[in-house]
Structures are given as structure tokens and as C-alpha cells.
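For reference, the chains in residue letters:
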Amino acid sequence: MATKGKTIVLGITGSISAYKAADLAARFTKDGFRVDAVFTESAMKFASPMTLRNLTGRPVVTTMWELSTEFSVEHVALSEAADVVLVAPASANIIARLANGIADDMLTCTVLATKAPVIIAPAMNDNMWANQVTQDNVAKLKKRGFIFVGPAYGRLASGKMGLGRLTELDEIYGVTLQVLGKKGDLAGKNIVVTAGGTQEPVDPVRCLTNRSSGKMGYAIAEAARNRGAAVTLVSGPTSVTKPAGVKVVDVKTAEEMLKAVLDATKKADALIMAAAVADFRPARASGSKIKRRELGDLTLKLEKTPDILEQARGNFIRVGFAAESDNVIANAVDKVKRKGLDLIVANNITEKGSGFGTDTNRVTIIDSKGKAEELPIMSKYEVADKLLDRISSLLKKK
Ligand SMILES: Cc1cc2nc3c(=O)[nH]c(=O)nc-3n(C[C@H](O)[C@H](O)[C@H](O)COP(=O)(O)O)c2cc1C
């Protein structure tokens, strides 16, 4: 993740959900970002600067008038240091103040002076959000290039349901990384990633599937997004959280995945087939539930599913995955050549910490000539980044 030296200025305002900013700050800090938290006067009634101070390991700004912090030398020092300013949660009040150029505290001065992108994650009562004056303020800020994430529909502080809740932290986090990566090495590239296993119906209740969790493909989609790519993720059914800022096309069967991939690759620079597509499906799916009591044994006749990598061809980089249990490298080298791929990622699914369902993977990346690069065990996100390094350099040569 390109986090080295990047500074996130995290503005926290007077909302019940201010405590969630601590979670965000901890997450960004863990991933290597420098997080400088700025509290409004009201925010301090809801969350503690001390918590943020400890979670970020950085001084926290609570006023413009303090002589002893490193930022007070200049009321715009933070605006210059910021690679991104994220206001989360953003109250109706801060949105109104920012929309009207008010600069009466450190957060508003920072936003007014910064050249960095500004992300706003609103959180408020649903009537406050729906009020025309708030909507006008939001429209004004959007027109000026501010990026809004949320609010979400859900349970509000008042206990009622409505639109106004701070959106999921995963989404705020994902959008922030996407914004920070806008000028990355994959900027302007369209990357199609497939993930997860497919489900081939036997009858309306049963299906043939496999153990793929989708984690590898989702990690690739996130990593590509964080390097500036426009990502389409064609996903089989999985329980992995959908990444923010990525176009997700949900499919179930190999046939549906084929159609979605052919459609998405019309404008693609690269296709990465990390999905575990079923090789066989029932030749005929029953339209009604097959009853146990009506049968002795059940024999299913299977037929081959379409070979997506075989059919998805064009002027784009094609990358396959080979999840094998025996002769891993030999099988992968055969596949890369047989299918005319640019790269293949081979892994032994029987190895500990590798393959389906795990958060780590140990893979070998093989190029079109069969040359292998063996990687040590690492997180699936790190594997994704290594693979994207290779794709990025292939794209430069194209
Ligand atoms: C208990 C309580 C909860 C509040 N929650 C919110 C909220 O979620 N969103 C909001 O816009 N305002 C909320 N307010 C009102 C703001 O705190 C108030 O408008 C304040 O002036 C915002 O200041 P700031 O934008 O400078 O942080 C709340 C007020 C109280 C007393």
C-alpha cells in the first residue's frame, strides 16, 4: 500500500458518531499513514482528544489559539501537510460553514486553505440531512470538487430509522485510499478482476460450488483501486465486504461470469481471473426440488462449463490463476502457454496458509515464457500488489 509519508488530516465534528473517528484513525495509523486529527469545539463534547492522541501517536489540534502545538505556528500548516482532508463525522453545521467559506476555527481554516482533496462523511438526523438548506450546501461543495461518502440509511442516534447515519467505516476507509491513489501507476487503466467461486444449479435449492472465499480477487480489486485503476470486479457469491469505489458485478454461474467478463473487457487494459470457476455443471438443472424419497441413488450428468480465459481475448493483459494440489508449477506453466496468457499465479491449495479461505497466500508468478518468480508467504493484499507490479510494467511496455 502506498502509504509512506502520506498525511491524512482527520476533521472530527460535533456528532454522536464522533467516537467512530477513533476507529478510523487507528486503522489509518496501523496502515502507515500519518494521521493529524483536528477537533471542532463541539467534537470535544463527544470524543476525547486524548484517545486520538494515543491512537495516532501525533499531537491533536483542538484550537487555533494554542501556542505550544506544532501546528499553531501557522493556522494553515495542516492544509499544506495534508494529502487528503477527511471530515468524519461531518455535522450539518460544518457542511454549512464550509459551503460558505467560513474560517473561524482550525478545521475550517485548513479546509479553506488546502489544495488537497476533501472527503466529507456526513452524520446527522435525517430531517437535518433532508433539509433543503443542507442539500444546497452539499450541492455547492460537490460542485467545488468535495467528495461525499454517505450518509447511510439506518438507526439514528434518536432511535428512529432514517438517512443520515455515518456510513460504514470500511466505505470511508476505501474511498480515502482510492482518493489517495488517484495518481498511482495504474491511473487511467481499466482493470477487470474476477473473484470467488461460481455456483452451478442442480435444482432450485442445491448447487455445485467450490471452496473459494473470494478474498484473493477482492484484495486485487482493492489494491488496483488504491493504485488509481478503474476496477470492475466480477464476483461469484461470497461473504467478503464489497470494496468501495469499485464497480461490482454479481454473478452466480460460470455462464453469467463469462457474459460479464466479455462485457467488461470491451474496454479493459487487463483481465485478472482470480475466480474459481466451476469446470463442470449439471447438464440439466431440475426446475423443481429433487425429492430424496422419490429416488434411490442420484446420478448427475455433468457437462463442461465455458472456458472464460479461452474466450476472453483482446488487446489487454490476460492473467490466470492456477490453484493446484499436485505438480503445481508444471501445470501452471502448461496453462500459461496453452492459453496464451501474459502471467499466471500458481499456488498449492494444500499448503498451510495458502489458497482458499486464508488471509495469506504463497504463490509463484509465471510469465508467458514460463519463467517463474517464487514469492514467500504474505498477505493476499501484498500478493495483489506484487502481481500488480508485474502487470504495471507489462502495461508500460504495451
Ligand atoms: C447529543 C447531541 C448530538 C448531536 N449529534 C449531531 C449529529 O449527529 N450531527 C449533526 O450535524 N449535529 C449534531 N448535533 C448538533 C451539533 O453538535 C451542533 O450543530 C454543533 O454546533 C456542531 O458544531 P461543529 O460543526 O463545529 O462540530 C448534536 C448535538 C447534541 C447535543
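Residues numbered from 1 in each chain as written. Predicted model: local features only at pLDDT ≥ 70, side-chain atom pairs only at ≥ 80, totals over all residues.

**Comments concerning the overall build of the protein**
- Looking only at helices and strands, the protein has 13 helices and 21 strands in total.
- On the principal axes, the C-alpha backbone points of the protein span a range of 75 × 55 × 40 Å.
- Partitioning the intrachain contacts of the protein with sequence separation of at least 6 by distance along the chain shows that 67% fall at a separation of at least 24. (Helix = DSSP H or I, 4+ residues; strand = E, 2+ residues; numbered from the N terminus. Contact = placed C-beta atoms within 7 Å.)

**Looking at the domain arrangement of the protein**
- Examined at the domain level, the protein breaks down into domain 1 (7-180) and domain 2 (190-397).
- Just the C-alpha atoms count here: the centres of domain 1 and domain 2 sit 38 Å apart.
- Domain 1 puts six residues into the contact, and the matching count from domain 2 is six residues.
- Within the side of domain 1 that touches domain 2, the residues separate by chemical class into two nonpolar, two polar and two charged. (Domains from an automatic or database assignment. Nonpolar A, V, L, I, M, F, W, Y, C, P; charged D, E, K, R; others polar.)

**With respect to the site of the ligand**
- Looking at the ligand, there are 15 residues lining it, with T13, G14, S15, S91 and N93 nearest.
- Ranked by the residues each element gives to the shell around the ligand, the list is headed by helix α4 (residues 92-99), at three residues.
- Residue classes in the shell around the ligand are distributed as eight nonpolar, seven polar and no charged. (Near = placed C-beta within 6 Å.)

**So, helix α1 (residues 20-30)**
- Regarding α1, the residues found buried are K20, A21, L24, A25 and F28. One side of α1 holds all its buried residues, which, seen down the axis, span an arc of 140°.
- The first or second residue beyond α1 is G32, which carries a positive phi of 95°. (Buried ≥ 20, exposed ≤ 12 C-beta atoms within 10 Å, placed from the backbone. Arc of directions from axis to C-beta.)

**Thoughts on the nonpolar core**
- One finds I191, V193, I220, A224, M257 and I344 to be the most contacted residues of the largest nonpolar core, which totals 59 residues.
- Tallying contributions element by element places helix α9 (residues 215-226) first for this core, with seven residues.
- Contact partners of A224, with chain neighbours within four places excluded, come to L186, I191, V193, A229, V231 and L388.
- Grouped together as the second largest cluster of nonpolar side chains are 56 residues, A25, A47, L86 and A92 included. (Core = buried A, V, L, I, M, F, W, Y, C linked by C-beta atoms within 7 Å.)

**Some thoughts on the packing of α9 against helix α13 (residues 380-397)**
- It is at 8 Å that the axes of α9 and α13 come closest, and there the two elements cross at 55°. Regarding the angle of α9 to α13, the classification is oblique. Considering the relative orientation of α9 and α13, their crossing is right-handed. Across from K215, M216, A219, I220, E222, A223 and A224 in α9, the residues of α13 making contact are K380, Y381, A384, D385, L387 and L388. (Axes fitted to C-alpha atoms, helices over the stretch in contact; angles between N-to-C directions. Parallel < 35°, antiparallel > 145°, perpendicular 65-115°, else oblique. Left-handed = near helix turned anticlockwise from the far one by under 90°.)

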